[in-house]
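An overview of the molecular structure
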Amino acid sequence: MAAEVGLLTRNIVIEGEDYDDLFEDSFGGRVIVGAFQQGATDYVGYARIANVEFKHCGQFGWSDFYDPRYSLAFLDTGLVTQSKPSYIKGNSFHNGFNTAIGVYGAYGIVIENNVVHHTVGSGVIVWDGGHRLIHNLVTLTIFPGTYQDRFEIENLNWVSGIEVQKTEGAVLKGNTVAGSERIGFRISGEPCFEDIDPADKWEDNVAHTALHGVHMFYDDGLTGCTKISNFLIYKVWDFGIWFQPESSVEMSELILVDNMCGIMPMVYGPDALTHETSDKYVSLSNSLIVGTSPSFDCSTDVTDESNDNIRQSSGVRGPRHHGGGKIGFVFTSFTSGTANAPVSHYNGYHTYSAINGNTLLTDVTFSNFDTICGFNDKAIQTNILNADVHHPIVAKGLQFYDVAEANKLYIEEPVLGFVNPSDCVDMDCDAKKKAMIRDLDGGILGSPGTIIPMSEYEWDGDPRHGVGDYRIPKMMFDGADGSKIPIEDKAPNKGIIRDSQCTWDGNWRAHKCHGLDHMMMIVESMDADTEVRRVSPIGLLADGYVDLINGPMDHGWCHGYTCQERISTFYMVVATGKTYEMYFTGTNPQHLRYHLLNSDDTQSLVVGTWYANPQRLDVYRNGIYIAPTNAELSGSSFTYKEKDPNLADDQFVPPLDSQVSGLNYFDRELQTLYILIRGNEPIDVKTSPVIIVSFDMEPVLVDDFFEENLVANLAGLLGVEEDQIRVVDVVSEDSSKRKRRAVEASSVTLEIGDPPSPTIETPGHVSSTNATSNYTTESPASNYTGSNSSLTFSQLQDISSYLVSEGQTGGLNDGLGLNVLSLSVTEPVDTPTDPTGGVRATNETGGPTSGTLYGDLQAEDDETSGDSVQYQIISNLDLYMEPAGTYEEMEFVVQPVIHAIDGLGDHVKNVGNKNVPWKVTVSLRAGTGDSRAVLLGNTTATFISGYANFTNLVITHPGDYILDFTVTQPANLSYAASSDTFTVEIRPYALSVVASPSSSVEGEVFTTQPVVAIINNVTGEVADNITRDGHTWQASASLVMASMYLGDLNGNTTIPFNVATQQAEFYDLFINEPGIDHIIEVTVTSDPDDYQLTITLPSFNVACQSGHVPTGASKAVTLEFDADYSTVINGMEDYFTIMFINQMSATYTNISISNVQLSEGSIVVDFTATGPESDLDKTLLFMYEDVKVGLTLTFNGHTITSKSTMKVDGQDYYGNDPQALSTSSSLAIILGCVFGLVAVLLVCVILYVLWRKKQKARKSQVAMETIPLDDSTNQEPMSARLLKYDEDQDKESGIGTPEQLRAPGLPALQINGGEFDFTPDDMKEMNIINSRPGSSASNRSGNNTPVRAPTVMVESLPPGINTPTGNEETEIDVIQHMTVIAMNSDRSFRKFGNMDVSMTGSMEKLRKKLVAEMPKKLSGKPFLFLKESLIEVETVKEKKLVVSEIYGGDCVLLKFLPDSAADRFFCFCGAVAHVECTLCENQTYCSPKCQSADWPAHMTICLNPGNDRLKP
């Protein structure tokens, strides 16, 4: 490798005119050799141009092939002939403004020994055929998108030094591209299989110092196969060779040195969704790949990252090993479609993998892959962006020189970022877990063997990868007897099958195996719903090794949860010569196809696939039916052979040494289909729509005539051909295992449906030019022709319904000549359809309109589809649930339920099948109840799980009734039942308050008058038609305990009901004296007197006319009345308080009475008297005078009189009475009190000091942050302790200092360094106390008791009402009235308001309620919950945490966060975030649905070219 030298000067110079703006305009001269027509004459030019210097030629921006403004262009000059010779030889092109040489519409031009330097755009572009490019030198090809300070981020024109991709039969010899800002050579290559003249063979071409050395785009390449050979490529920054044509590619005689990625092979097509296969391959032979040569300089042989060209292309950099190491050869990516480069990465994936693909490495030498420039180089590595599958590599003759063992190979870890709902869903995809290399001669391993990946990666490890025992399909461990087999017994080992000759290499991240023949097996669903029905993960088991297969990623064009369209094509690594068990997690596809990829007829294995239902499974190879080993075929006859009881139970399982690929057997007992797969031809398994019916019957003599007669009788009964019915099995009554020829038979199983089709259509196969089949396995001889008639799916459904109906009613007995005791039927399964209609998922089209994923809908259908259903013989109908709670014109509280019973009186679970379910109709028995009565509602119910549940029956008139029930579907059945006599009562009514006075003024008509309505007491809705049966209504209003008030209720207190509105609307009520808490009671009566309804209105105050309320000073007053508390006021304290305030306020008008407290000790009344100070003192004197003579009050028929004592502010009050004590006595009393007080204080001080020492010793061991703020050690509520500070309180209480709490006022709320204060209106937004009473739990004292589950009220219901226990369970919220408090950064606390909190609800629901009720000033502010220990509650756990587990006190604690934290903790909708954007890791969401909704706004940030996460 040496520098190239080219001479630019020539004697003949063609130079563009020099003018001031020449370089700015980039508009030089040009030479064009072309053709034109004048009149009827065609003029075709030709030119022999040699030894000419082209300088400052070409015109920038004009690059269309029909107007090529290049330095030199040949356009439409046709074929070079002796008469029209053209060539381009020995010329120089430099400092041009466009392409140097362009050839379009010409054939056979020789382009030789030219030197090209500095072109804007490609150096040489040659189209059409027969051109020869020999010994040309092209240097410094400029990318137009960054030319002259441009930076066109969307410019996708990847220019090349030499472009010959659209030339047929081109010859390239000795050409060099030395320095291209994008591509060296863009080619379509040579033919693979033609004998090429040595003079025309490509050789000695060199490319270096470019982003891509040799490049083959999607439309490039030849048909079938393309060859790339004889190139030297070195010091290329991204890919030495990159290609993704639609053809196979052969590479040979290549030398690649110092390239960051030597070869990145990719081939696309056919589309996996078409299920077409091909034998496409990529081969590399007789080549040398050097990682780092001795001449490589780590400091200079790198790109300038600030260069505009490098920056503009940074989004599509080639892969590196662990960010910087070189890679020699990357596993080939065989894809359905293109990588969409350069919009996306050149090694990227935007479509599914193609089904087939093979990579062959033969006689390839890898040299100098080591740790260089601080990075590890790898000779062979997987494609980091491929999550679906790496098709196998077959290696032979590989040699490694100066390559450490650790640097030979690397299989990357699965990308955790792909585990998300938009890609691989909930577990790793398979590409990095199923990559493998078959080393045929030990060139890599030292001896022949296979290299397999760590498929068990993070098994039961990091749960984010979603891999572990819990993902193994559960049916894998079901024993034949129904028991569970321990996982460690059946599958102690995880991953791809291995043996003692397998060793782990951590540097390769691979197992090296020598004793097993590993191959790749493909299992694909051929069903139309392959993309939307999820059947994975698949469990694959052999020799104690269990492997999990997830399948490809979602390639839909949407970024949210609604896509999830993933093709059900699964790639798995297996070992030939083994028998496998395979289990799908979901319902098995109805049409499966198996491939043993790239195998030959010496390689075979047996796969036993478990099926959940006993449908018939037909196996085909190359579209030809392969009969089961237990079948007998002849002409149109298809029957099953019996097992030989003298042979092993697995006598029909295909042996591994059989030469018949596709040989199969379905073991009904194990529900497993065994298939032998030999060679590379696909095997198809189709589920046929058949009915499987088993009759349990009284013992009969079983012989050949029994089976023949049974088939003939049933065929005649059903009207089908006898060859459409087959006896599958006969089971003896006394046998523990299934066996044939029992003398006494108890059951017989038959299959009804078409026999297998002899042939089926299969998808196409695309072959390369030289492809030949290596398939030599045998086909079984057969004269089988199939049936001449067929049953449609609809006909099969009708037959199934007929069998069930006739079987359950005993109608089959005569036709079959059997006494059928019961039967079981498996319904036919219809062919799957594509619910998407073939529309690819996008943000607009992904998922059904219901919002439920197609896959989830399909899974719901799969739950019962194809299951065997047992049917008992029905004896009669029985009324399981009698009607109850019946009122006229109202739905029965308890609706009737009918069920069927058999001859033993047992419940019949299945009544009819899903296509023709039984229905029962109810009617009123004539002669019962009111003759005018009508039975309303849905009078016909369908049997579900053996119960017919009526839901909305109504009888229009009261009376005593009987209901009759009869079966109406199927028709002409005599089954019936009747109810007991039951009574329909008149309708229950109650009253509700529509409007009530909220306040009033004495003597003035209420502004809001009372309005009450009659409601249905069961439904709570306003009653209708209340005049039915001739009822008239009136309402009366009165004061409750009128003696509590000074005034009377005046106006029209009795009014008629407004029947139009169903309301009583009072209109002129008023109260003539002031007072508080007036309570009005409304009584409604009917005529006839069937109803008397009463309701109490909310209390309200009546103000005096002046509206004056005395204010000023306040004093506490205590009076004591000489009466028995329990006799007079116990239980009526509220009413007594009302009376006391009203009567005392009327007596002492200059003061207001408030804060009344009652206590026993006779009757002690404490209250606050408020008024102007002079009026207050005078009034207290008057009050005392009244007390001395006996202050008298009347309450509830009791007259009580005060004792003669009175206290004011806690002291005995004597008014103006003189004191009785002398001065000396007073002094003695005072001195005694003083000395006594001193003694008491001294004792208290001593006790206090001792207590303080003890507390300090204890608290010194506990950090303030960990002291629980609960109510268990303090009777004072937590909210009170947080929101106040008592100066006598210990300063080390852990609650905070006076400065922190800012006692006695509340601090402002601090967020983002600012303070938020609130007006009363703001606080109303959080004061969401409603008027309803709390539950008993909410009114209790003391701490909250954690409640992990809600309180449940259980009511028994009939089993037919779809509850697992047969009970109706109603959750009862435990409501706690709580204070909402926020903690500031200085640990001060701020109250927001109060709210009713469900203690049994989740913290997530509490957050939603808080967000909805938050003051506007705090809308959108992120916050966390604090535990009572002031520790933050993790947001991701809020969904599972119950409120009572967090809060035991009377308050909810919050901590507001800076706005900048919102994106990390919370979704843009305000909910707690659980899902992270895997592209930028900066934005989080509450659900994939919100992520999808936010994508249009977020994508501009996330997909920024500067996002390092998008770089390989």
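Scroll up a little and you will see the structure.
Summarised in this report is the structure supplied together with it. The model shown is predicted, which means the values in this text are computed figures rather than measured ones.

A cluster of nonpolar side chains, Tyr19, Phe27 and Trp62, forms an exposed patch at the surface whose accessible area comes to about 280 Å². Along the chain, Trp62 falls in the loop between strand S6 (52-55) and strand S7 (72-79).

What follows deals with the pattern of salt bridges. The final tally for this structure, using the stated rule, is 44 salt bridges. In this structure, Asp220 engages Arg186 in a salt bridge whose closest nitrogen and oxygen atoms are separated by 2.9 Å. Of this pair, Asp220 sits in the loop between strand S21 (205-216) and strand S22 (225-229) while Arg186 sits in strand S19 (residues 183-186), placing them 34 residues apart in sequence. Comparing Asp220 with Arg186, the two get one shared label, buried. Glu456 serves as the salt-bridge partner of Arg498, at 3.6 Å between the closest nitrogen and oxygen.

We now examine the side chain of Lys434. With respect to the element layout, Lys434 can be found in the loop between strand S37 (409-410) and strand S38 (437-439). For Lys434, the side chain forms a polar contact with the main-chain oxygen of Leu548, separated by 3.5 Å. With residues up to four places along the chain from it excluded, the contact list for Lys434 reads His390, Pro453, Ser455, Met520, Asp547, Leu548, Ile549, Tyr571, Met572 and Val573.

So, on to the sheet that holds strand S68 (residues 947-949). With respect to topology, seven strands assemble into an open sheet ordered S63-S64-S68-S67-S65-S71-S72, the strand pairing being antiparallel. Two strands in the sheet have a free side with no partner beyond their single neighbour: strand S63 (876-881) and strand S72 (976-978). Geometrically, the sheet is characterised by an average inter-axis angle of 30° between neighbouring strands, direction not taken into account. Where strand S67 (residues 940-944) meets S68, two bridges bridge the pair, whose relative direction is antiparallel. For Ile944, the partnering residue across the bridge sits in S68 and is Tyr947.

Bringing the sheet that holds strand S45 (residues 545-549) into the picture now. Here we have seven strands laid out as an open sheet, ordered S40-S45-S44-S47-S49-S55-S54, and mixed in their pairing. Edge strands, defined here as strands with exactly one partner in the open sheet, are strand S40 (493-494) and strand S54 (664-667). Pairing geometry for strand S47 (residues 579-584) and strand S49 (residues 604-610), over four bridges, is parallel. By the bridge assignment, Glu581 is partnered in S49 with Gly608.

A few words now on the state of the cysteines. For the structure shown, the criterion picks out four disulfides. The side chain of Cys192 participates in a disulfide bridge whose partner is Cys225; the two sulfur atoms lie 2.0 Å from each other. Across the S-S bond of Cys192 and Cys225 the torsion is about -75°, and the bridge reads as left-handed. Taken as a pair, Cys192 in the loop between strand S20 (190-191) and S21 and Cys225 in strand S22 lie far apart in primary sequence, 33 residues in all. This pair shows no difference in class: Cys192 is buried, exactly as Cys225 is.

The rules behind each value
Residues numbered from 1 in each chain as written. Predicted model: local features only at pLDDT ≥ 70, side-chain atom pairs only at ≥ 80, totals over all residues. Heavy atoms only, no water. Patch = residues over 30% accessible without salt bridge, like charges linked within 9 Å, V, L, I, M, F, W, Y side chains within 5 Å. Areas by Shrake-Rupley, 256 points an atom, 1.4 Å probe, with all protein chains shown as cover. Salt bridge = Lys/Arg side-chain N within 4 Å of Asp/Glu carboxyl O. Helix = DSSP H or I, 4+ residues; strand = E, 2+ residues; numbered from the N terminus. Buried < 20%, exposed > 50% of the residue type's maximum accessible area, 1.4 Å probe, protein only. Polar contact = N/O pair within 3.5 Å; in protein donor to acceptor, adjacent residues only side chain to side chain. Contact = heavy atoms within 4.5 Å. Pairing = 2+ DSSP bridges. Axes fitted to C-alpha atoms, helices over the stretch in contact; angles between N-to-C directions. Disulfide = S-S within 2.5 Å.

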